[in-house]
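Results of the structural survey
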Amino acid sequence: QVQLVESGGGLVQAGGSLRLSCAVSGRAFGSYAIGWFRQAPGKEREFVSTISWSGGSTYYRDSVKGRFTISRDNVQNTAYLQMNSLKPEDTAVYYCALGNGRDLRMSQYYYTYWGQGTQVTVSS
């Protein structure tokens, strides 16, 4: 059974930082891309960032470029999202997801397995 567990969310003031983690079990973690998505209250879930199976390629939505960094540790079967210079508009539930293949994709339909989400709240 594939399981993804996010952690690291919380309440932070604008300009602060958080590091989200996504621990994956039950599948060959190192063979698949990882994606991070978020969903704010009353809004649709949106793509945040993705990293290829090897960690050699990454992609970000424009609004987080230069502030967020995605990474992965294929020995620890864990992915990370380092979030710096946080803004109130970053407030959302953040989800990690395991892709169907090795390559980068922004579409949520590419991702088969999802975590339960972790709340990030940025106060102004």
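Here's a quick rundown of the structure. Owing to the predicted nature of the structure, the values given are computational and were not obtained by experimental measurement. (Residues numbered from 1 in each chain as written. Predicted model: local features only at pLDDT ≥ 70, side-chain atom pairs only at ≥ 80, totals over all residues. Heavy atoms only, no water.)

Okay, the packing of aromatic side chains next. Applying the stated criterion across every chain, the model contains six aromatic pairs. Judged by centre distance (5.9 Å) and plane angle (75°), the rings of F37 and F47 are edge-to-face. You can see F37 sitting in strand 4 (residues 34–39) and its partner F47 sitting in strand 5 (residues 46–51), a full 10 residues away along the chain. Across the pair, F47 and F37 agree in class, each one buried. In textbook terms, an aromatic cluster arises when at least three aromatic residues are bridged by ring pairs, as seen for F37, F47, Y59, Y110, Y111 and W114. (Phe/Tyr/Trp six-rings, centres within 6.5 Å; stacked < 30°, edge-to-face > 60°. Helix = DSSP H or I, 4+ residues; strand = E, 2+ residues; numbered from the N terminus. Buried < 20%, exposed > 50% of the residue type's maximum accessible area, 1.4 Å probe, protein only.)

Counting through the fold element by element, R38 comes out in strand 4. In terms of polar contacts, R38 uses its side chain to reach the side chain of E46, at 2.7 Å. Looking at R38, its side chain comes within polar contact range of the side chain of Y94, at 2.9 Å. (Polar contact = N/O pair within 3.5 Å; in protein donor to acceptor, adjacent residues only side chain to side chain.)

Under the counting rule described, the total for this entry stands at one disulfide. A sulfur-sulfur separation of 2.0 Å characterises the disulfide bridge that pairs C22 with C96. What sets the handedness of the C22 and C96 disulfide is the S-S torsion sign, and at about 65° it is right-handed. Of the two residues, C22 sits in strand 3 (residues 18–25) while C96 sits in strand 9 (residues 92–99), which places them 74 residues apart along the sequence. (Disulfide = S-S within 2.5 Å.)

Once that is clear, we can look at the nonpolar core. Counting residues in hydrophobic clusters, the biggest one holds 28 residues, and the most contacted among them are I34, W36, F68, L81, M83 and Y94. Within the residue set of this core, elements represented by two or more residues are strand 3, strand 4, strand 5, strand 7 (68–73), strand 8 (78–83), strand 9 and strand 11 (118–123). Ignoring any residue separated from it by four or fewer positions in sequence, one finds I34 in contact with V24, F29, S49, T50, I51, I70, R72, A79, A97, L98 and Y111. Counting residues in each nonpolar core, the second largest holds six residues, with A33, F37, A97 and Y110 among its members. (Core = buried A, V, L, I, M, F, W, Y, C linked by side-chain atoms within 4.5 Å. Contact = heavy atoms within 4.5 Å.)

Our next topic: the environment of Q13. As for its position among the elements, Q13 is in strand 2 (residues 10–13). Residues Q13 and G55, 42 residues apart in the sequence, show an inter-C-alpha distance of 30 Å. Apart from residues no more than four positions distant in its own chain, Q13 is found in contact with V122 and S123.

Bringing unusual backbone geometry into the picture now. A positive phi angle, close to 55°, is found at N77, a residue other than glycine. Assignment of secondary structure puts N77 in the loop between strand 7 and strand 8. For N77, a relative accessible area of 25% puts it in the partly exposed group. Positive phi, close to 50°, is recorded for S85, a residue that is not glycine. With respect to the helices and strands, the residue S85 is situated in the loop between strand 8 and strand 9.

With that out of the way, let us pick up the pairing of strand 1 (residues 3–7). Here strand 1 shows a clear split, with L4 and E6 buried on one side and none of Q3, V5 and S7 buried on the other. Examined bridge by bridge, strand 1 and strand 3 share five bridges and lie antiparallel to one another. Bridge pairing links Q3 to S25 in strand 3. (Pairing = 2+ DSSP bridges.)

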